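The primary structure of each chain is shown beneath.
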Amino acid sequence: MKNLKKLLCGALSLTMVLGLAACGGNTATTDSTDGNTAAKADGNVPVIGISQYGQHASLDNCREGFLQGLQEAGLVEGTDYTIDYQNASFDDNMAIQIAQSFSAENAALMVGIATPSATACYAAAEDKDIPVIFTAITDPVGAKLDSGNITGTSDVLPVEGQLKLIRALQPDAKTIGIVYTTSESNSVYSVGVYQEKAAEYGFTVEAVGVTAQSEVTQAVDNLIAKGVDCFSNLTDNNVVGVLGSILEKTNEAKIPVYGSEIEQMKKGCAAGAGLDYVQLGIQTGKMAAKVLTGEATCQDMPYEVIENYSTYINSKSLEQLGITLPDDVAQSAEDVANA
């Protein structure tokens, strides 16, 4: 497998690095704070190449948290590191090109936000043994990112917490609808957990797989027609990317959508047992700081999982859907309706 990755990377390297220049309009390189062109290596200041698979609030929060984590670890941008940030716009080929460009500029560290970007960085970094840090990956083992010069943080979902919450808010619900992307290993893994655990809480799961973002809303229509009682939204990039359109359909049908992280509830999901991706990013940034300063290597630090989750509600969405919030949930939940 290792030799195969090397052959593939070698064959693609020249064309993709050259292609990156031609596609510059789609992979804007921005500074971490003000959107200006990122600083490149100046003297001995190391470059951190950040590849973000696409732009939506969850992944943006990961990146912002990562930068905050570096600062909390005592590192200063411009003195201890510079940032080369690029966005793949949910394009796997673009993620490969970005990773190859980081390798070509001899980045001191590569950061992959979401599985396709992390996988591309790991492949591109191997020949030069550049350390790679990942975040927002649900199943690092399944993605084969759990060994070598790589580590990071996993956003494995609190599925049982979500099932408990749905049962508390909808005592009579029977069927949970889930739309997921079949090529996203994170989503496939999470759907499997839902299907394994659902019966313990009296649910069945209707899951519809899609291959592209353009198929998501049609899949939602199909599940609404099947009479699902609610939707549980994963951290699936294609699905989250069109969450607004999904909510238009589900709100009209008076079917609640439960989110998996705080930004989804802010956008209008009724409630969710979810993660705070800023905190996930901070945790990742602190790990990266240890690698950058030589305090530890990736091999010294197994990937980490956030074990604690929070309950978030959107009181406006709950009111529109006619759902009464139980007192015990109200006491522990954070209302993000006006956030």
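Residues numbered from 1 in each chain as written. Predicted model: local features only at pLDDT ≥ 70, side-chain atom pairs only at ≥ 80, totals over all residues. Heavy atoms only, no water.

**Notes on the overall build of the protein**
Okay, step 1: Across its full length, the protein carries 13 helices and 13 strands.
Okay, step 2: Of the roughly 14,500 Å² that the protein leaves accessible, carbon and sulfur atoms contribute 47%. (Helix = DSSP H or I, 4+ residues; strand = E, 2+ residues; numbered from the N terminus. Areas by Shrake-Rupley, 256 points an atom, 1.4 Å probe, with all protein chains shown as cover.)

**Points about the side chain of glutamine 162**
Okay, step 1: With respect to the helices, strands and loops of the structure, glutamine 162 is situated in helix α5 (residues 159–169).
Okay, step 2: Engagement of the side chain of glutamine 162 in a polar contact is seen with the side chain of serine 232, the distance being 3.3 Å.
Okay, step 3: Among residues more than four places away in sequence, those in contact with glutamine 162 are Tyr194, Ser232, Tyr258, Gly259, Ser260, Gly272 and Ala273. (Polar contact = N/O pair within 3.5 Å; in protein donor to acceptor, adjacent residues only side chain to side chain. Contact = heavy atoms within 4.5 Å.)

**Considering the pattern of salt bridges**
Okay, step 1: Enumeration according to the criterion identifies 6 salt bridges in this entry.
Okay, step 2: The residue lysine 197 makes a salt bridge to glutamate 160 at a minimum N-O spacing of 3.6 Å. Of the two residues, lysine 197 sits in helix α6 (residues 185–197) while glutamate 160 sits in helix α5, which places them 37 residues apart along the sequence.
Okay, step 3: A relative accessible area of 30% places glutamate 160 in the partly exposed class. (Salt bridge = Lys/Arg side-chain N within 4 Å of Asp/Glu carboxyl O. Buried < 20%, exposed > 50% of the residue type's maximum accessible area, 1.4 Å probe, protein only.)

**Regarding the pairing of strand β12 (residues 310–313)**
Okay, step 1: Bridging between strand β10 (residues 271–274) and β12 involves 4 bridges; their strand directions are antiparallel. Across the sheet, alanine 271 pairs through a bridge with isoleucine 313, a residue of β12.
Okay, step 2: Across 2 bridges, β12 lies against strand β13 (residues 334–335) in parallel orientation. The residue bridging isoleucine 313 from the neighbouring strand is aspartate 335, located in β13. (Pairing = 2+ DSSP bridges.)

**Some details on the packing of helix α7 (residues 216–226) against helix α9 (residues 243–252)**
When two helices pack together, their arrangement is given by the angle between the helix axes and the distance between those axes.
Okay, step 1: Closest axis-to-axis distance for the α7/α9 pair is 10 Å, and the angle between their directions is 20°. As far as their axial angle goes, α9 and α7 are roughly parallel. The hand of the α7/α9 crossing is right-handed. Judged by residue contacts, Val216, Thr217, Val220, Asp221 and Ile224 of α7 engage Ser245, Ile246, Lys249 and Thr250 from α9.
Okay, step 2: Residue composition of the contact of α7 with α9, grouped by class: 4 nonpolar, 3 polar and 2 charged. (Axes fitted to C-alpha atoms, helices over the stretch in contact; angles between N-to-C directions. Parallel < 35°, antiparallel > 145°, perpendicular 65-115°, else oblique. Left-handed = near helix turned anticlockwise from the far one by under 90°. Nonpolar A, V, L, I, M, F, W, Y, C, P; charged D, E, K, R; others polar.)

**Observations regarding the environment of glutamine 55**
Okay, step 1: Positionally, glutamine 55 belongs in the loop between β1 (47–52) and α2 (57–72).
Okay, step 2: If sequence neighbours within four positions are ignored, glutamine 55 has contacts with Asp60, Asn87 and Phe90.

**Remarks on the sheet that holds strand β3 (residues 109–113)**
For sheets, the rule is that strands pair by backbone hydrogen bonds, running either parallel or antiparallel.
Okay, step 1: Strand order in this open sheet of 6 strands is β2-β1-β3-β4-β5-β11, and the pairing throughout is parallel. If you trace the sheet from one side to the other, it starts and ends with β2 (82–87) and β11 (304–305), each paired once.
Okay, step 2: Note that strand β4 (residues 132–137) and strand β5 (residues 150–154) share 4 bridges and pair parallel. Each bridged residue has a counterpart across the sheet, and for isoleucine 137 the counterpart in β5 is serine 154.
Okay, step 3: Sitting on the sheet, α2 touches β1, β2, β3 and β4, and the angle it makes with β1 is about 160°.

**Describing empty space enclosed by the protein**
Okay, step 1: Throughout the structure, instances matching the rule amount to 2 cavities of 30 Å³ or more.
Okay, step 2: Counted as a void, the largest cavity has a volume near 70 Å³.
Okay, step 3: Lining the largest cavity we find His56, Ser58, Leu59, Ala114, Ala136, Asp155, Glu184, Asn186, Thr235, Asn237, Val240 and Tyr277.
Okay, step 4: Of all the secondary-structure elements, those providing two or more residues to the lining of the largest cavity are α2 and α8 (237–240).
Okay, step 5: If you add up the space inside the second largest cavity, you get close to 60 Å³. (1 Å grid on protein atoms, 1.4 Å probe; cavity = no way out; pocket = protein on both sides within 12 Å on 5 of 7 lines; lining within 4 Å. Points joined across faces, edges and corners; volume = space filled by probe spheres on them.)

**Focus: the environment of serine 154**
Okay, step 1: Counting through the fold element by element, serine 154 comes out in strand β5.
Okay, step 2: Sequence-distant contacts of serine 154, that is, excluding residues within four places in its chain, are made with Ile137, Thr138, Pro140, Leu280, Tyr303, Glu304, Val305 and Ile306.
Okay, step 3: Here valine 156 takes part through its backbone nitrogen, which lies 3.3 Å from a polar atom of the side chain of serine 154.

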